[in-house]
Amino acid sequence: SSVYINNSHGMDDDEFFDRNLALFEEEMDTRPKVSSLLNRLANYTNLTQGAKEHEEAESIGEKKKASKSPQMGTFMGVYLPCLQNIFGVILFLRLTWVVGTAGVLQALCIVFTCCCCTLLTAISMSAIATNGVVPAGGSYFMISRSLGPEFGGAVGICFYLGTTFAGAMYILGAIEIFLMYIVPQAEIFKGGGAAMLNNMRVYGSICLLLMSLLVFVGVKYVNKLASIFLACVIVSIVSIYIGAFVSAFYEHKFDVCMLGNRTISSHVECSKTVPEKTTLLWEEFCHSTELNATCDEYFTSNNFTKIKGIPGLASGIISENLWSSYISKGEVLQKSSLSSSHSSPPASLPHPYVFADITTSFTLLVGIFFPSVTGIMAGSNRSGDLKDAQRSIPIGTILAILTTSFVYLSSVVLFGACIDGVVLRDKFGESVDGTLVVGTLAWPSPWVIVIGSFFSTCGAGLQSLTGAPRLLQAIAKDNIIPFLRVFGHGKANGEPTWALLLTALIAELGILIASLDLVAPILTMFFLMCYLFVNLACALQTLLRTPNWRPRFSYYHWTLSFLGMIICLALMFISSWYYAIVAMVIAGMIYKYIEYHGAEKEWGDGIRGLSLSAARYALLRLEEGPPHTKNWRPQLLVLLKLDEDAHVKSPRLLTFASQLKAGKGLTIVGTVVPGHFLQTYGEALAAEQTLKLLMEKERVKGFVQCIVAQKPREGISHMIQSSGLGGMKPNTVVMGWPHTWRQSEDPQAWKTFINTVRVTTAAHLALLVPKNISLFPSNSEPPTDGYIDVWWIVHDGGMLMLLPFLLRQHKVWRKCGMRIFTVAQMEDNSIQMKKDLATFLYHLRIEAEVEVVEMVCDHDISAYTYERTLMMEQRSQMLRQMRLSKSDREREVSVRDHSNVRRMHTAVKLNEVIVNKSHDARLVLLNMPGPPKNTDGDENYMEFLEVLTEGLERVLLVRGGGSEVITIYS
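These remarks concern the structure in this document. Keep in mind that this is a model prediction, so the values were computed, not measured.

So, on to the overall build of the chain. Within the chain, the regular secondary structure consists of 30 helices and 15 strands. Sequence separation of 24 or more characterises 82% of the internal contacts of the chain that already satisfy a separation of 6 or more. When the accessible surface of the chain is totalled, it reaches about 39,800 Å², and 59% of it is carbon and sulfur.

Whenever strands of a sheet pair, they do so through backbone hydrogen bonds, lying parallel or antiparallel. Ordered in space as β8-β7-β6-β9-β10-β15-β14-β11-β12-β13, the ten strands form an open sheet in which the pairing is mixed. Across the chains shown, the open sheet's two edge strands, defined by having one partner strand only, are β8 (703–709) and β13 (849–854). Neighbour-to-neighbour, the strand axes of this sheet turn through a mean angle of 20 degrees, independent of strand direction. Bridging between strand β14 (residues 923–927) and strand β15 (residues 955–959) involves four bridges; their strand directions are parallel. In the strand pairing of β15, V924 is matched with V955.

Turning to its location among the elements, F526 is positioned in helix α17 (residues 516–544). Residues F526 and G156 lie 370 residues apart in sequence; the distance between their C-alpha atoms is 9.6 Å.

Angle between the axes and distance between the axes are the two parameters that describe a pair of packed helices. The contact between helix α3 (residues 74–86) and helix α13 (residues 389–418) brings their axes to 8 Å, and the two run at 30 degrees. When the interaxial angle is binned, α3 and α13 end up roughly parallel. Considering how the two elements wind past one another, α3 and α13 form a crossing that is right-handed. Across the interface between the two elements, T74, V78, Y79, C82, L83 and I86 of α3 pack against R391, S392, I393, I395, G396, T397, L399, A400, T403, T404 and Y408 of α13.

With 18 residues, helix α18 (residues 558–575) should reach 26 Å at 1.5 Å per residue; the first-to-last C-alpha distance of 26 Å fits that figure. Taken residue by residue, α18 has S561, G564, M565, I567, C568, L571, M572 and S575 as its buried positions. Considering only its buried residues, α18 is in contact with α5 (95–129), α12 (362–369), α17 and α19 (577–597).

Basis of the calculations
- Residues numbered from 1 in each chain as written.
- Predicted model: local features only at pLDDT ≥ 70, side-chain atom pairs only at ≥ 80, totals over all residues.
- Heavy atoms only, no water.
- Helix = DSSP H or I, 4+ residues; strand = E, 2+ residues; numbered from the N terminus.
- Contact = heavy atoms within 4.5 Å.
- Areas by Shrake-Rupley, 256 points an atom, 1.4 Å probe, with all protein chains shown as cover.
- Pairing = 2+ DSSP bridges.
- Axes fitted to C-alpha atoms, helices over the stretch in contact; angles between N-to-C directions.
- Parallel < 35°, antiparallel > 145°, perpendicular 65-115°, else oblique.
- Left-handed = near helix turned anticlockwise from the far one by under 90°.
- Expected span 1.5 Å × (residues − 1).
- Buried < 20%, exposed > 50% of the residue type's maximum accessible area, 1.4 Å probe, protein only.

Right, here's the structure in full:
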């Protein structure tokens, strides 16, 4: 009749399946099996397009509808958009003018500084983008989740406006190419000046409408055209390089007519007279065809000459083009190396000279050129369309920047070495018969550049009109600016219809300005502000060293981000100090609006992490709510016990805490002094001093708390309830294992231990119990190789994943690898579990070996299990039987023994596989089962834990606090 004989009869299959986890069965509703968790998280990357509360995807059990948006890779999703935006209007329409005006040396300085700014920003952006899943919204998502909704919204709106006006700028550039170099006859309004601006407005509006319709049809069609547009760009750039090298051997037939040292615009004959008659230039300067007419004084004093507009690579013209030649609006372009009559008055506008249309300076050129390197965000703005954003964004962006930096820098040198300075300074090519200046160098024909630049500029405009609505949609879906809420809606497949409509209307305002040179400096401000805050976000996260800051991209440093911030700020004020102030005021107004009227959001940003270590103001902010998962770090309450001589019994426990904390976050070291407060006040002060000395020795920064209580369990309970202030409260309790509980005649030691486990569970605090703490390494021990093994049995918030990462930040554990083991039952697919777990770790940015251990369901419980259970029962059976009647005793024995056998079976089986796999590990982390709900089984609970950890040298029992402490999101 013994319950231990043939006890498998009458048990269904479910009991066999769960027998291996019987120790954890009472908490399965709050701490699910790992297999169940992985199964539910298998599709966690199927996020709907847009940035609407991506953290909601972490709620287990909520299934997200798979996005129907195109899933693009690095090349099509990031590299091509970046190249198209960078190789846009400035390269073909303004770079030659920048080189001619600033000179080769200063032009190299401008280009190099701008490229360094974008490269440093791209490095910071890559670190942020690889620190978790980056959904749609790109730069906005990264800034808002790193610096908070106020900064994110302010900079996001500014960057959205910049991207939208960039689309207008590209369209204006395309129309300029179309009307000036492709089909000049298409002008609707004849004449120059205002008439040309009106032509730009009409054709620009038509082009904007056509592009908006194409974007509305779908992003996939834009990307189909992307390869065509990029091909045009590549062909154009290659033709420039070929033409530059060909110019060393063959002459480019572009002559420039000069009167003295002044440049003449488009001409037929570069002379005053031809046999027996005057020329058109004579008529321009003399207002008559007669040879005896009164002519312009400078015309009379100087002769016409022709110079080569493209002297060639071997001509040495670069020596003349090294230095700057800044001039004021209305001045004529001059070549200083030619002789001239200096007694003549300044050139007048009616004469056919080439005049400067704008007053030039170094700062102006910086503001106009910088938008040409701002395409680095083109890929991140469409991160919702990327298959793997955290891989594609860094690779695609940095490759695009390196490619374009080489092209820009080499182009500056080639332009200066091949083209005459007066042609370079001629913005619209008037001196070379109205030919696009960069086209004069092209091989075999200028039309290669003209057609290529037109299509590439159109492509850049399309990319801007594709990225800007998605940026606005991401901001609207976050609901941080209430009046933008309507723009979060779109088509069934997520395309931002309403956001596209607003983008087109705002871009139309840019089209109506109709001047590329006036729009470019405004864009520079918005882009630089966005880049500044991207660098700030990366620098702040790196310096705070939050546990969630684990970028997969490792080639970053806070000094690089700080340098990028300085360059961005310097460029803002160099290009236009008043525009910089206006942009900051606009961003500040949006910031205050979101702060006072926007939706309340807590995204675990770096500002909140910074406030954890601030004073009163930060404490008051922390009172507003619990910290976000990304800001979670172990705030420790270390419970130490003192002996009769006021010496710490387990000082190595504080050593372990220091290794876990690495000097970050809150640490409170507490102890309970037995007695009455009035009588033992002096002892409490002595104990406090002892703990402070130990903390100083172990280099632990924190606070000491001593509580006087008659009973230790009451003192510990009071300490757990009262420790900390405001948001700076402990969330994790560290206490030692009562290793002499079996030999002790006083059961209070292990009863206090179990009571503390119950109190931490009730208070929703995590619990860490190092077993065999004396064997743990000291801070002075040299680092050794080995493994930290994690046995993930049930999921209770992710503590088991986070703790090894934190320990490995300390020098003692730095060389240790990480292995994660999880248990598969009979009904689990162990192969799929391993794949899901590997994917989960990839997105957590945690490097670890993964193994799924299959727990074979034994129908026959081993004799050893029965033996250990009987030994355990014999300790408490006597006292228990004395309190029960015979019938109650028999019934209670039957139920209790059956339950204890199952729990002992779990402990024995798990211990077997753990010892088998982790006998050589430097540290084993293991889920700590909860204590029994019935306090009569407390002694048995201690025995279960002993059996579970038997044969292991160093064990850390981990019990989560019931909340998530690790996340896959950025």
